[in-house]
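Spelled out from the first residue to the last, the chains are:
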Amino acid sequence: MKYVICVPDGCADEPHPDLGGRTPLEVADMPVLRSLAARGTVGRAAVIPPGMPPGSDVGNLSILGYDPAVHHTGRAPIEAAALGLRIRPDQVAFRCNLSTVDLSGGDGGTMVDFAGGHPDTEAAAEVVAALDAELGAGAGAEISFHPGVQYRHVMVAPESWADAVCVPPHDLSDGPAVWPTGPAGERLSEVMRASRDVLARFGAVEANQVWLWGQGHQPQLPSFRATHGVDAGMVTAVDLVRGLGVLTGMEVVEVPGATGWYDTDYEGKRDAALAALDGGLDLFVVHVEATDEAGHAGNVAEKVRALENWDRRILDGLVAGLGDMGDWRLLLTPDHPTPLHLKTHTTDPVPYLLVDSRTDGPGGEYTEPATTDSAVVAGHDLMSLLLSDGS
Ligand SMILES: [Zn+2]
């Protein structure tokens, strides 16, 4: 038996005026998904447990079958693990966005772009190196900066710096920039202000300062193999998701054309999944960020296109390839909604789809409206639904 988990990040949405009051999942042309739903089981899952922040870290931890209420310590330490960083017990990791904040209006300014114009990874790495040289380890400071992907980087600091309230910048889009508060808030704000002088020298990068948030200690996660009894791998372009793979001992496959953006290599991810499963893994997670990015941008057309790319460039060949290998079960679910009209994540339950190649389920439609009346299962129970042998 082979198992596949498909995660179109943040694909769940709400009715949108530009789509005639329908959701992207209702509008997108997805014949393969439609036929899978017609023979499978659709339902609703609370991938974000009550009271927890609706981040991809929390949602994907749920999808991997770990209860975030038990295992989640923060977002940044997961990304740090993806970068191969070891966070000592007396340290904390912060997520360090390259962001664009307009201070001209006074006060804390306006969050113009939490992603700093999506710098390319190489250009961003030069900026992060300069930050580390001038404000971090290179300057003898007790903090250090570590490059990640595009606008997403990591700062490591002594434990005491964790004592602050930091607002995720993607929750501030186009609104007032709410700077860190609490005992360590001023120290963090100082670093953020100082970073403006460093960024000012990088004309090719639109971002003009760092934004620090998502701090936490390194979590202790039992391995995927020990927890679920199968050997698993994943492909993703996002450090946050890759870090969960690293921390749980999954085989993390790199696909060179995986960008975390609309232009990602869908076929490359599909082929990586099939090759890994054919090579002996029992379970594989395919994560694509494009739907989430489109949601954050409020870009209706790109969100619909990303869904159609899933269907045409992943699901079609994936189902055929799995069929060649024998019996398979598939779970498709986002890690949270990213509604276009809100441009940020919500905590609402998401639609999920389970398909078994051997037996037909009750069938249904994989959309938000079609699942609103379904009972809600806990997100971290989806894995046992997938791994349980049919019925
Ligand atoms: Zn997400």
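Definitions and cut-offs
Residues numbered from 1 in each chain as written. Predicted model: local features only at pLDDT ≥ 70, side-chain atom pairs only at ≥ 80, totals over all residues. Heavy atoms only, no water. Core = buried A, V, L, I, M, F, W, Y, C linked by side-chain atoms within 4.5 Å. Buried < 20%, exposed > 50% of the residue type's maximum accessible area, 1.4 Å probe, protein only. Helix = DSSP H or I, 4+ residues; strand = E, 2+ residues; numbered from the N terminus. Contact = heavy atoms within 4.5 Å. Salt bridge = Lys/Arg side-chain N within 4 Å of Asp/Glu carboxyl O. Donors = N, O, S within 2.8 Å, 3.2 Å for Na, K, Ca; no water. Pairing = 2+ DSSP bridges. Axes fitted to C-alpha atoms, helices over the stretch in contact; angles between N-to-C directions.

**Points about the nonpolar core**
Counting residues in each nonpolar core, the largest one holds 47 residues, and the members touching the most others are F284, W310, L318 and L353. Sorting the residues of this core by element identifies strand 1 (2-8), helix 2 (31-39), helix 10 (266-278), strand 10 (283-288), helix 11 (290-297), helix 12 (300-325), strand 11 (328-332) and strand 12 (350-356) as the ones contributing at least two each. Looking at which element gives the most residues to this core, the answer is helix 12, with 10 residues. The residues touching L318, leaving out its near neighbours within four places in the chain, are V4, C6, R270, A273, L274 and L330.

**Structural notes on the pattern of salt bridges**
Under the definition given, this model contains 16 salt bridges. In this structure, the salt-bridge partner of R95 is E79, at a minimum N-O distance of 2.8 Å. Of this pair, R95 sits in strand 3 (residues 91-102) while E79 sits in helix 5 (residues 76-82); the two residues are 16 residues apart in sequence, bridging distant segments of the chain. Judged by relative accessible area, which is 2%, R95 ranks as buried. Among the residues examined, E79 registers a relative accessible area of 2% and is labelled buried. Across the pair R270 and D271 runs a salt bridge, and its minimum N-O distance is 2.9 Å.

**Some remarks on the coordination of the zinc ion**
Around the zinc ion, the protein contributes the donor atoms D9 (OD), D9 (OD), S56 (OG), D335 (OD) and H336 (NE2), at 1.8 to 2.6 Å from the metal centre. Counting along the primary sequence, the residues that act as donors to the zinc ion give the motif D-x46-S-x278-D-H. Note on accessibility: D335 and H336 belong to one class, buried.

**Focus: the sheet that holds strand 13 (residues 376-378)**
Taken in spatial order, the eight strands of this open sheet run 9-8-10-1-11-12-2-13, and their pairing is mixed. At either margin of the open sheet sits one strand with a lone partner, and together these are strand 9 (251-253) and strand 13. With direction set aside, neighbouring strand axes in the sheet form an average angle of 25 degrees. Pairing geometry for strand 2 (residues 41-46) and strand 12, over five bridges, is antiparallel. Considered in strand 12, the bridge of T41 is made with L354. The strands that helix 10 touches are strand 1, strand 8 (232-235), strand 9 and strand 10; relative to strand 10, the one it contacts most, it runs at about 170 degrees.

**A short note on the pairing of strand 1**
The side chains of a regular strand alternate, residue by residue, between the two faces of the sheet. Burial analysis of strand 1 places seven of its seven residues in the buried class, the great majority of the element. Neither face of strand 1 is exposed, since K2, V4, C6 and P8 on one face and Y3, I5 and V7 on the opposite face are all buried. Pairing between strand 1 and strand 10: six bridges, direction parallel. In the strand pairing of strand 10, C6 is matched with V286.

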